[in-house]
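Architecture at a glance
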Amino acid sequence: MWGGHFQEGPAPLMEAINASIPFDRRLWREDLEGSAAHARMLAARGVIAKSDLDAILAGLERIARKIEAGEFEFTTALEDIHLNVEARLTEDIGEPGRRLHTARSRNDQVATDFKLWTRRAMARADALLKELQRVLLDLADRNVDTVMPGFTHLQAAQPVTFGHHMMAYVEMLGRDRSRFLEALARAGDCPLGAGALAGTSYPIDREVTARELGFARPMANSIDAVSDRDFALDYLSAAAIGAVHLSRLAEELVLWSTPQFGFVRMPEAFTSGSSIMPQKRNPDAAELVRGKSGRVLGHLQALLVVLKGLPLAYSKDMQEDKEGLFDAVDSYELVLRATAAMLEGITLYPERMRAAAGVGYTNATDLADWLVREGGVPFRDAHGIAARCVKVAEERGCALEELPLDALQAVDPRIDQRIFAVLGVENSVASRTSEGGTAPLRVREAIVAARVRFL
Ligand code: ARG
């Protein structure tokens, strides 16, 4: 493989530590596309003959067919996908196969293949996020009026609607999509043609290969082209943030599906029972959506550490870029699909949510706001009055709206009969009409706007 100056073959342990074929075979399609584009360009520039090109393209085509059929024999002796393909091609077509690597190095080749693969993963992430937004929007649409408690510090805070809560996730996923799309645009420069690191003396045309492979342009600097793995870091950081978003949603589903909350029932097909406790229905899929975020975050950290302190240009450390990204992509795509499927089959218990929405004096702010609005009381004073009303209700073990008027007036005489009209949870929700607020009126508008922005 390396020509005349090697006398011995590699040690078995060298082969074990060095080979990337067990995992980088996933790049086969991109490797074949990259080679075809490179060969066409070489022929167009007169670097190889038209007859060589024809043999190469036909040979690459046969390899594609073999790999698709599962009949290609990958070997660790040939280290990686690039050498496996090239060796097989040469075996098949002879000398033209030995001309393919003209004006190319595995360094620009692997950067190109991997970047191409990652660009496709970015586009898939955007599409899967969009599909999940659609599921969330439909769920929100059906639950614009479904009142539930909103929480801060996981303490009952103010009533909101389930629709409004789902729309929070639609917004988060919208930002996730923009991170992937920005990453995709940033990954628009093609490394091919950088050679080992310095460029090449052949009259290559990098514009043509870049465009044929779907890139916008060639990378401007050949050293950067073979050293850069920012596109993988971009995917991993977007996926890390995205996985954290899904983990938060999954955690809420886990919480809401406990008997203590009882807000939702997870679709049976995404839960499991217990081998000992007959009553159990465990939200395994949601737990795994939450749990798998750990690996995605870990893979981002791992690649940052691999690259930190690496001198320019290519070092073999960079071969460690692939397994983590592949696993992150597989995991993130899986949790995106599983979350969408779970939400499509979820059952809500609106009566339980509504009942819980009124527990814990979630209408105390409404009382204070009424005093400000109707009594001209400064908000800080109104806050204190409402807090004292809560204390009285707590002592009597009842809700604010269950206190007799004279008990409320004993706290502050400016409170009158009209207060009872504002203390219901529906009223509370309907009153929050500020832009981005939970009032059904606003949420309906938000859903319409989000469909235009996102779908
Ligand atoms: N298998 C290598 C990788 O994934 C390909 C590049 C090898 N380049 C080299 N100069 N040894 O990074």
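Read on for a plain summary of the structure.

Parameters at a glance
- Residues numbered from 1 in each chain as written.
- Predicted model: local features only at pLDDT ≥ 70, side-chain atom pairs only at ≥ 80, totals over all residues.
- Heavy atoms only, no water.
- Helix = DSSP H or I, 4+ residues; strand = E, 2+ residues; numbered from the N terminus.
- Expected span 1.5 Å × (residues − 1).
- Buried < 20%, exposed > 50% of the residue type's maximum accessible area, 1.4 Å probe, protein only.
- Near = heavy atom within 4 Å.
- Polar contact = N/O pair within 3.5 Å; in protein donor to acceptor, adjacent residues only side chain to side chain.
- Areas by Shrake-Rupley, 256 points an atom, 1.4 Å probe, with all protein chains shown as cover.
- Core = buried A, V, L, I, M, F, W, Y, C linked by side-chain atoms within 4.5 Å.
- Contact = heavy atoms within 4.5 Å.

**Observations regarding helix α3 (residues 28-44)**
The terminal C-alpha atoms of α3 lie 24 Å apart, and with 17 residues this matches the ideal 24 Å at 1.5 Å per residue to within 8%. Across the 17 residues of α3, 13 count as buried, placing the element largely inside the fold.

**Points about the site of the ligand**
Taken together, the neighbourhood of the ligand is formed by Ser20, Asp80, His82, Arg106, Asn107, Val110, Tyr314, Lys316, Gln319 and Lys322. At 2.5 Å from an oxygen atom of the ligand is found a side-chain nitrogen or oxygen belonging to Tyr314. One of the side-chain nitrogen or oxygen atoms of Lys322 is found 2.5 Å away from an oxygen atom of the ligand. In isolation the ligand has 340 Å² of accessible area, and contact with the protein removes 86% of it. When residues of the shell around the ligand are assigned to their parent elements, the largest contribution, 3 residues, is made by helix α7 (residues 106-142).

**Let's talk about the nonpolar core**
Residues Phe180, Tyr235, Trp256, Tyr332 and Leu343 are the most contacted members of the largest nonpolar core, which totals 97 residues. Ranked by residues supplied to this core, first place goes to helix α11 (residues 230-256) with 15 residues. Dropping the residues within four chain positions of it, Tyr332 is found in contact with Ala125, Leu129, Phe180, Tyr235, Ala239, Gly242, Ala243 and Leu246. Core analysis: the second largest hydrophobic core is formed by 23 residues, Ile385, Ala393, Leu403 and Leu408 among them.

**Examining the side chain of His82**
Relative to the helices and strands, His82 is located in helix α5 (residues 81-93). Taking relative accessible area as the criterion, His82 reaches 3% and is therefore assigned buried. In this structure the side chain of His82 is engaged in a polar contact, spanning 2.8 Å, whose partner is the side chain of Asp31. Here the side chain of His82 touches Asp113 through a polar contact of 3.3 Å, side chain to side chain.

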